[in-house]
Amino acid sequence: MPKPGWPAFRWYSSDLGIAGGFTRSHRLDVARQADLVLVAGASLNAFQTRYGTLFPADARIIRLDNEPDGGQNAGSEYVRADILPFIEGLLERLPAAGSPTWRDAVPEVSGTDFRSSSPVEDPVEFGPDGRLNPRAVVAALDRILPAERSVVMDGGHFIGWAPMYLSVPDPHAMVLVGTAFQSIGLGFGSAAGVSAARPERTTVLVSGDGGGLMGLSDFETFLRATRRGVVVVLNDSAYGAELHQYAAKGLHDQAMLIDEVDFAAVGRALGADRIKARTLADLGLLEDWLATHDDGVFVLDVAISQKVIAEFMAESLAAKG
């Protein structure tokens, strides 16, 4: 049942963009107004629920899946079914949309800029240390990179940026291999496989410097396997996830820091076009290269700030005390 004062047809959905640990900050208030949540084909682990803060405590949560319930989703009701027939049956039972709807009560969910990549959380070009703000960088890349792209993510602190600010043409076009395997260093090899599977699209590998160094042996493989691609190294001269989790708690950071590596120079040695970007204006060289529509790979090594912390990491630290 709807909460008092809410329209009777509040269940008509709206697109909140990506949900969970990567939910945009300015959409959390909308998600936290839900009184009924249907989760189809996904689990509800701590990260996906922002450590229990994504939805209100009194929301009714129904999880739908065709796999046996693993029992790790406390507080939710479970329905085992194939998604398509379940949704078709549900739609047959729901009354036709009337007025008012949830869209009327929360009109901002239908705004033209709702899926915008603009980094409203922190739009400035540089972080406090004078290096580039990764939010601004990836938001700019969303406009520069070809729309028909496959985005492959290595693992590390940087994983918060691409899912929040890069759009993809279909669900299979965002491959979060680092998250799936809870490891770093798998980006180049995975991206080579994606290039072979979807050669008609531009393959975009997003990596950190730590994972990129671990996967250097697959760098040449990616260049050889890719018809047209872009390597984006969000380079903070550190193992950023460790820096923000452990150095923040007082551990010595020596093992977490990396002497700055010039991935652009490595790419050049292997035959790729490249630039070491230290300003947003430097991204113009990538834009010019893409405009030629030539085959090949471009390496964009971006000097990003160590001082800008992703929301998912900040909330993880808060949840763990």
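Residues numbered from 1 in each chain as written. Predicted model: local features only at pLDDT ≥ 70, side-chain atom pairs only at ≥ 80, totals over all residues. Heavy atoms only, no water.

Chemist: Break down helix H12 (residues 284-291) for me, with residues and values.
Modeler: Listed in full, the buried residues belonging to H12 are Leu-286, Trp-289 and Leu-290. Buried residues of H12, seen end-on, are gathered within an arc of 100° and therefore sit on one face of the element. Seen from the buried face of H12, the exposed residues on the opposite side, beyond 90 degrees, are Asp-288 and Ala-291. Its buried side turned inward, H12 meets helix H4 (134-144), strand E7 (228-235), strand E8 (273-277) and strand E9 (296-303). Looking one or two residues past H12, His-293 carries a phi angle of roughly 60°, positive in sign. (Buried < 20%, exposed > 50% of the residue type's maximum accessible area, 1.4 Å probe, protein only. Helix = DSSP H or I, 4+ residues; strand = E, 2+ residues; numbered from the N terminus. Arc of directions from axis to C-beta. Contact = heavy atoms within 4.5 Å.)

Chemist: Kindly report on the pairing of E7, identifying the contributing residues and their values.
Modeler: Summarising burial for E7: eight of the eight residues are buried, a large majority. Here E7 shows a buried face lined by Arg-228, Val-230, Val-232 and Leu-234 and a second buried face lined by Gly-229, Val-231, Val-233 and Asn-235. By the bridge criterion, six bridges tie strand E6 (residues 202-208) to E7 in an arrangement that is parallel. In the sheet register, Gly-208 faces E7, and the bridge partner there is Leu-234. Examined bridge by bridge, E7 and E9 share eight bridges and lie parallel to one another. If you follow Arg-228 over to E9, its bridge partner there is Gly-296. (Pairing = 2+ DSSP bridges.)

Chemist: With reference to specific residues and values, describe the sheet that holds strand E5 (residues 174-176).
Modeler: On the basis of which strands lie adjacent, the open sheet formed by six strands has the order E5-E4-E6-E7-E9-E8 and parallel pairing. Of all strands in the sheet, those bounded by a partner on one side alone are E5 and E8. Taking each pair of neighbouring strands and ignoring which way they run, the sheet shows an average axis angle of 15°. Packed on one face of the sheet, H4 meets strand E4 (149-153), E7 and E9 and runs near 170° to E7. (Axes fitted to C-alpha atoms, helices over the stretch in contact; angles between N-to-C directions.)

Chemist: Could you give an account of the pairing of strand E2 (residues 60-65), naming the residues involved and the relevant values?
Modeler: If a strand is regular, its side chains alternate between the two faces of the sheet. Most of E2 sits inside the fold, with five of its six residues counted as buried. The pairing of strand E1 (residues 36-40) with E2 spans five bridges and is classified as parallel. Directly across from Leu-38, in E2, lies its bridge partner Ile-62. By the bridge criterion, four bridges tie E2 to strand E3 (residues 77-80) in an arrangement that is parallel. Across the sheet, residue Leu-64 finds its bridge partner in E3, namely Val-79.

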